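Structural overview for review
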Amino acid sequence: MTTELLISKYSEGSGYNKYLEVYNGTGSTINLDNYDFQINWNGNTSSANSNVRSFTSGATLANGKTWVMVHNHANAHDDLEAAANNEAAIGFNGDDAVTLRKNGTVIESFKQ
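All values derive from a computational prediction rather than experimental measurement. (Residues numbered from 1 in each chain as written. Predicted model: local features only at pLDDT ≥ 70, side-chain atom pairs only at ≥ 80, totals over all residues. Heavy atoms only, no water.)

1. Re the nonpolar core
Formally: Definition used in this section: a nonpolar core is a set of buried Ala, Val, Leu, Ile, Met, Phe, Trp, Tyr and Cys residues joined via side-chain atoms within 4.5 Å. Buried residues are those whose accessible area, probed at 1.4 Å on protein chains only, stays under 20% of the maximum for their type, while exposed residues exceed 50% and partly exposed ones sit between those limits. Secondary structure elements follow DSSP: runs of H or I no shorter than four residues count as helices, runs of E no shorter than two count as strands, and numbering proceeds from the N terminus. In this description, contact between two residues means that some pair of their heavy atoms is separated by no more than 4.5 Å.
Core analysis: the biggest nonpolar cluster contains 18 residues, and Leu5, Val22, Leu32, Phe37, Phe55, Trp67 and Leu100 have the highest contact counts within it. When residues of this core are traced back to their parent elements, those giving at least two are strand E2 (18–23), strand E4 (35–40), strand E7 (66–71) and strand E9 (97–102). Per-element tally for this core: the top contributor is E4, with three residues. Excluding residues within four positions of it along the chain, phenylalanine 55 makes contact with Val22, Leu32, Tyr35, Asp36, Phe37, Trp67, Met69, Asn86 and Leu100.

In structure tokens:
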């Protein structure tokens, strides 16, 4: 069991074939209003060079379940569209850093 949400998968496919997935293994249902993804282009950690993407307002994530955020232009890709819980402009590639935040505090991150 974990105490926080985890980034469980991500994909940087060609074009808009991008998604981020979080997993809830906390033992409780989590309200996603307190969470967001912050994408820092070119590995920069300055908020002036970042892109914050929120989860669907009012959404919750049950224990043992995942939530998938898909790039909002991936609609031509049926498999990504079918897996999406919400869509957002989540462009990332190269050496961009992606963080999962709770109330603005980083709880997990990865850099490609």
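That shown, we press on.
2. A few points about the pairing of E4
Among the six residues in E4, six count as buried, and that is most of the element. Residues Tyr35, Phe37 and Ile39 point to one face of E4 and Asp36, Gln38 and Asn40 to the other, with burial holding for every one of them.

3. What to know about the confidence of the model for the chain
Let me state the cut-off plainly: For every residue, the predictor reports its confidence as pLDDT, a number between 0 and 100.
In this model, the chain carries an average pLDDT of 82, and 79% of its residues clear a pLDDT of 70 or more. Ranking the elements of the chain by mean pLDDT puts helix H1 (residues 78–83) last, at 67, and strand E3 (residues 30–31) first, at 97.

4. Examining the side chain of glutamate 21
What counts here: Charge counting follows a simple rule: Lys and Arg are positive, Asp and Glu are negative, and His as well as the terminal groups are ignored. Here, a salt bridge means any side-chain nitrogen of Lys or Arg that lies within 4 Å of a carboxyl oxygen of Asp or Glu. Here a polar contact is taken to be a pair of N or O atoms separated by no more than 3.5 Å, where protein atoms must pair a possible hydrogen donor with a possible acceptor and residues adjacent in sequence count only if both atoms sit in side chains.
Inspection of the secondary structure puts glutamate 21 in strand E2. It turns out glutamate 21 is buried and unbridged, and the closest side chain with the opposite charge, lysine 9, is 4.6 Å from it. Here serine 8 takes part through its side chain, which lies 2.6 Å from a polar atom of the side chain of glutamate 21. Once residues within four sequence positions are removed from consideration, glutamate 21 is found in contact with Leu6, Ile7, Ser8, Lys9, Thr66, Trp67 and Val68.

5. Section: the pattern of salt bridges
Oppositely charged side chains are able to pair whenever their charged atoms sit close together. If you walk through the whole model with that rule in mind, you get two salt bridges. The salt bridge partner of glutamate 4 is lysine 102, with a shortest N-O separation of 3.1 Å. Here lysine 102 lies in strand E9 and glutamate 4 lies in the segment before strand E1 (6–12), a separation of 98 residues in the sequence. Taking relative accessible area as the criterion, glutamate 4 reaches 18% and is therefore assigned buried. Residue lysine 102 is classed as partly exposed on the basis of its relative accessible area of 29%. With a closest N to O distance of 2.8 Å, arginine 101 and aspartate 36 form a salt bridge.

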